[in-house]
Structures are given as structure tokens and as C-alpha cells.
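Close look at the chain arrangement
For reference, the chains in residue letters:
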Amino acid sequence: MRGREPDKRAYVDRDGVRIGYEVFGAGEPTVMMLPSWSIVPSLVWKAQVPYLARHYRVVTFDPRGNGRSDRPTDPMAYATDEFIGDALAVMDATDTERAVLVALSRGNQYALGLAADHPERVLAWLAIAPAVGGLTPPGPERLDSLQRFDEDLGSPEGWYRYNRYSWQRDYRGFAEFFFDALLPEPYSSKQWDDAVAWALQTTGEVLVATWDAPDAETRTVEDLCALVRCPVVVLHGTADECIPPAAGARLAELTGGKLVSLEGAGHLPQAREPVVVNTTIRDLVDAVAPPSPHVAFSRGRSRPRVLYLSSPIGLGHARRDLAIARQIRAARPDVDIQWLTQSPVIEFLQRSGEAVHPASAHLVSESAHIENEAGDHDLHAFQAIRSMDEVMIANFMVFNDLVENEPFDLWVGDEAWDLDHYLHENPNLKRAPFGWLTDFVGWLPMADGGDRETYLTADYNAEMVDHIASWPSVRDIGIFVGDRDDVVDEPLGPDLPTVRAWTEKHFEFSGYVSGFEEGEVPDREELRSRLGYAADEVVCVVSVGGSGVGLPLLHRVVDSIGAAQRHVPELRMVVVTGPRIDPETIRRHPGLDVRGFLPDLHLHHAACDIGIVQGGLTTTMELTAAGRPFLYFPLRHHFEQQIHVRHRLDRHGAGRCMDYEQADPDAIADALVDELRRETHYRPIRPGGALRAASHLVELL
């Protein structure tokens, strides 16, 4: 799922070559993101577009040779003048009189031509890692490889893969080497995967054509830079192995521009340093086209403000966060809690009288992304979070805009992965104490994920460990929502501590936080009467959480009602679809009661005779706290449900784990009947979790 869908997608045709372009947002000025080399499409700007499009109009286009653009093989089609002509044609097609240009690598050759020869069309120019001929020579190996480009070197290694024959014989091998060199920063596996996949949208033959393109330019780079009149900012990483940082310094010198050096960054800072790149673009645009004055928030002298980020991936976070917020208010009645969150959490909080900050409207839906990643009772949770990087940077930028303009005395993030990640990547942006909550620690591979998934999860865990070791002051407190024994004792990866050992060192343990007031489960008989459940009926509550992932399970459970009623005639099955599944999609049967969103679902779990749930922590622990029998069906490839949650339930002796693949309607009916006959003797859940979590957070105010 993209962080921002285009408002318009179209083509321009230039001499029979179609160029695909996209337009995002509206208003002035326009920011044009120029293409780089034909090895990558305009998706290379995916971390910038959602943020910029909230503030400006953004235009991107794919280079000829990649993306939605055509792939001619005639070298004449790849001359610099053709790319400049493409940019002008897209500007004309989108009614863009003038634009701020943002360019990466070779795209700066096109930006230089536009700024020099078409100054009336260019407001400003941000040059990232400029690959502009004539600035400075590359390093020795790269220079030698360029000089031997036309030699058949057999099976070259290193920069000698940058070679005509290498591109045509082993294009994938070249792409993998190339982006490994361009991304020297540790923990760049996702950016590398993206770049290689984009590179494979074109061919070695196309790259050869780009190399063989004629250069009709007779002016020197000094001549061209002398014609540039617009403001210029140059961003260059100090660890760039492709274009030496001296090239960026030289371009800034020749254009009278500002040089921004990114310590430790490689050739693709728009991917690895997106927050810095985004804010640098914003500052440049606002310098040449000042925005309307912002009315800053004015707070009273004595009322503390809390910004609470509650993850929308499952409604369990909302219920426990609301319980914690109420305990914060009990300790500090003067506190003002503002929520930055998304649907369906927004609806839940508003029903409870909470104040949802208007900036929440700008967040990209994480629930929608998760649903897009899901299959038939299958959600590869690690890969789904990993592929959510575009959404995460978009949402972090919403947060960053907000806290730049409004002061808060405390930030709380309940599994707000974007906030935690980008704060550690940009610790200078911390402006308030930060409390972090989670109910699991450690990305763990699934058995069928192979060596690649084992490597990737360990790499993500290593980054987490490194973040905390390098910047321990970013999190003022980490709170694990559970007890020490709820943490799995699995390794985080090679040469890393175990999950439990690392968690014990870096977290406080609040105990579990349920939706029940102060951990007290209400009287069941009184509750059944209040909820409309008769004493002589057997109530089975079926629920699958706050996303739409659980629809296949609901259908299968509903199909079991007939077989179950043959053994339990008084069975009443209450199916709770949640906020993102239409109740009308559920087939009706006698004895079946279909409900939509129930904000007090935990009370129905406490009142029921048996529950059937998906495998999320909240619903299973609510049933455990209430001592109710239940069946749970962890999603395939969902490492949290399959490993972390199951470990906790096994510790409590709670629930019966079912395999969705093996559980046909008859098997579900049989298991339901068996569990109704079984007495439960669960390990009790320690009460007071919300109070303990709130006490830690109040200390930060």
C-alpha cells in the first residue's frame, strides 16, 4: 500500500516515447521530483511524496526506461536533452509554470540544464548526491572501472561490474552489487530490497543505451552553473561510495548554494534519511514561497499536555490505553490528553468522550495496509510491518509537524512503531519525555521463512538493540504490558541477547492491562442480564478484532453453528464483526446474532459461556481474566500470535489453540462442545496493570 495515492496519473508522448507521470495534492508551489538514472522509477521518492503532498502540489514522472514510461533501446532516446524535454513536457501537461526541483544523483544533470536554460521555470533546486559530469573525479576503483567500461572483463567483481558486458550477462548481479554499494548504512535491507526490485523493472540493454547516449553539451559544468539564478541546496552523504562528497561541495560552490553534509549517509539519503530530506525540502520551498503564518498553540501555565499515540492495528491498544489514560487523570486531574490515532481507534475513543487531535485526519491508515497484506486467515505480520515503511514515514511526519507547532509535556506511544523508530534515527527531534509501551518484544521468524527471514528478523532486532544502546535517552521509560514470565526466552539473533534478558534490562513490567476497571471482572450473572443474555441459553461470542483480516474465520465458525446446535440446542452464537467488516456479509442462521462494533466487547467476553477468537492478545487475555473457556485460531505467519501470544496463554493454561487449516466446521463444533464441558483453572492475571503503567508515565510529567 502506498503512503499516498496520486490524484492524477497520465502520460505525455514525446516523439513516440510515453512518459508516465503522477500528480499529488494541490495548491502552490509545485515540487517536481525529477527522475534519477533509468535504473529506478519515481517510486524512489516514496518517502517524500506523502509528506510534501500535504503541504504542496507534487509532480513526479518515471524516467524513460523504467516504471510506467516506455523503454526504447536507441541510445539517442536517452540524451540529457531528452530527459530535460520530458520534464518540460510534464510541466506543461500539469499546468506547472514554475517548480521547485528535487533531484537525486544523475537527475541533477537534468536539473542543472533546466535551471541554466529555463530559469523562468525553476523556483529553487535541491540537489541530492549530485552525479553531474565535470564536478570531481570518482574514487580510484570506480574511475578505473569507468575507463574499462567497454572491456569484456569476464565475471567482474566490485565496481568492475559497472560494465557493458556485465550489465547484459548478469544484470541482477550488477543491481544487487550496485545498491549494496549505494546503501552502506547498516540496517538497510528494506531499502536494498526496494531498489533491487525497482532495478529489475528494466534491463541491462536499457542501461547500456543510457550509457551510449550522445552528449551534445559543449558547455562546461562551470559555464552551466554560472547561469543558475535560483536558490540551491545540496545534500550529500559523507559515506557516499558512488559520488564523492567533494562533488556536492563543488556544486554548492559553483552555484552559490548551501551545502548540507549528512554524516554517515550513502548515496540514497532520501531512503535512509527521509526525515532530514523531507524537512530540508520543506525549508527550501518555504524560503522561496513562504506559507501562511501558522497560529501556534497557546497553553495555560499550569495544565500539562500529553500526546498519546495508540496503535490502530487491533482495538486492544485502545482499550488498555484508555484505562491507562483514566489512571493518569486520577493522579493528575489537571492533565490534558490529546490522542493522535486512526480509525477504528478514533471512533472508540470518541464514544468514550476523549479528545482526538485534528492532526489524526492526516494519518495514513495502518489498518488498511494490514488488510491489504492479509490472505485467507493468513497475515505475515513481520513482512506486513516491514512493507509498511512508506506509511510509517508519512505518519511520523504528521507527528513531527504537530509537535513542532504545539508543545506537549509528555509523548506516549503504544506500539507506535513509526514514532519510536524515527526518533531513534533522529534523536535531535525529541522535544518532550517519551514513554513507550508494548506487549511483545522481538521480531521472530516463522519456520517456513527460511534463512532470509531468519536474517531479516535478526537484522531488525539488531537495529532495535543498537538504537537503545546508542540513544538510551530517547525512551524515558519502556513499559512492557505484562509480566517477566510473559516474555519469550528466544534469541534475538546471532551475537544478541535473548528476548527475555534484553527486555528485563530495558523495560518496567506493568502486568497486563485489561478493559476491566482496575482488573476487576464484574459479576457474571448480573452482567448477562444487563447484556440481554438469558439464563437458559449457552452464549458463544465470536470476535476477530478491529481489522478486516478475520472475515474468513467468521464465515467458517458461522458454518459450524448447525453441527454445534445438534449437541447444544440452546446455543446462541453472537458474532461480532468489528468496525471494519460489514455485518451484512455474514450468512444468517437460526440462533445466530450478528453485531457490528461493540465498544464493550470485554463485557460480552466476561458474560459468555465460551468464546471463539482469532488469536490476538487482547481478546484472549480478556477471556482468560474472566475465566471463560475459548478457542483461538492464530493467523498463519503471524509471529506475534503464533509465538508471543501463545507463550503467554500457555503460561496461564488458557484457551485451546486451533489450526485454521485443519478446522472444518465439524471440527470447530466438536471443539466448542468439548470446551463447554471443561472446567477452567487459569493462572490469575495480576490486577492493577493500568495503575502501574500510569504511575510510571505520571513520573515523567
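Attention here is on the structure that accompanies the text. (Residues numbered from 1 in each chain as written. Predicted model: local features only at pLDDT ≥ 70, side-chain atom pairs only at ≥ 80, totals over all residues. Heavy atoms only, no water.)

Overview of the nonpolar core
- One finds Met32, Ile39, Trp125, Phe174, Phe178 and Phe179 to be the most contacted residues of the largest nonpolar core, which totals 152 residues.
- The element that contributes the greatest number of residues to this core is helix α17 (residues 389-405), accounting for 10 residues.
- Counting residues in each nonpolar core, the second largest holds 56 residues, with Tyr308, Leu349, Ile477 and Ala654 among its members. (Core = buried A, V, L, I, M, F, W, Y, C linked by side-chain atoms within 4.5 Å. Buried < 20%, exposed > 50% of the residue type's maximum accessible area, 1.4 Å probe, protein only. Helix = DSSP H or I, 4+ residues; strand = E, 2+ residues; numbered from the N terminus.)

Looking at the pattern of salt bridges
- Under the definition given, this model contains 59 salt bridges.
- The shortest N-O distance in the salt bridge between Arg250 and Glu253 comes to 3.3 Å. Of this pair, Arg250 and Glu253 are both found in helix α10 (residues 245-255), 3 residues apart, which corresponds to roughly one turn of the helix.
- With its nearest N and O atoms 3.0 Å apart, the salt bridge here joins Arg678 to Glu675. (Salt bridge = Lys/Arg side-chain N within 4 Å of Asp/Glu carboxyl O.)

Considerations on the sheet that holds strand β11 (residues 355-356)
- Across the sheet, which stays open at both edges, the 7 strands sit in the order β11-β10-β9-β12-β13-β14-β15 with parallel pairing between neighbours. Unpaired on one side and paired on the other, β11 and β15 (508-509) mark the two borders of the sheet.
- Of the pairings in the sheet, the one linking strand β13 (residues 434-438) to strand β14 (residues 477-480) comprises 4 bridges and is parallel in character. Bridge assignment links Leu437 to a residue of β14, and that residue is Ile479.
- Across the sheet, α17 is in contact with β9 (305-310), β10 (336-340) and β12 (410-414); its angle to β9 comes to roughly 175°.
- Each of β9, β12 and β13 is contacted by helix α18 (residues 417-425), which is oriented at about 130° to β13, the strand it contacts most. (Pairing = 2+ DSSP bridges. Contact = heavy atoms within 4.5 Å. Axes fitted to C-alpha atoms, helices over the stretch in contact; angles between N-to-C directions.)

A short note on the packing of aromatic side chains
- Summed over all chains, the structure comprises 34 aromatic pairs.
- Seen in terms of ring centroids, Trp37 and Phe178 are 5.7 Å apart; in terms of plane orientation they differ by 80°. Their pairing is edge-to-face. With Trp37 in the loop between β3 (30-33) and α1 (49-55) and Phe178 in helix α6 (residues 171-182), this residue pair connects regions lying 141 residues apart in the sequence. Here the two residues Trp37 and Phe178 agree in accessibility, since each one is buried.
- Their ring planes at 55° and their centres at 5.5 Å tell us that Trp443 and Phe639 sit as a pair that is tilted. A residue pair is termed long-range when its members are at least 10 positions apart, and Trp443 in the loop between β13 and α19 (450-470) and Phe639 in helix α26 (residues 639-652) qualify at 196 residues. Each member of the pair, Trp443 as well as Phe639, carries the same accessibility label: buried.
- We note Arg18 situated over the ring of Tyr11; from NZ or CZ to the ring centre the distance is 3.9 Å.
- In this structure, Arg142 is placed above the aromatic ring of Tyr162, and the distance from its NZ or CZ to the ring centre is 4.8 Å. (Phe/Tyr/Trp six-rings, centres within 6.5 Å; stacked < 30°, edge-to-face > 60°. Lys NZ or Arg CZ within 6 Å of the ring centre and 35° of its normal.)

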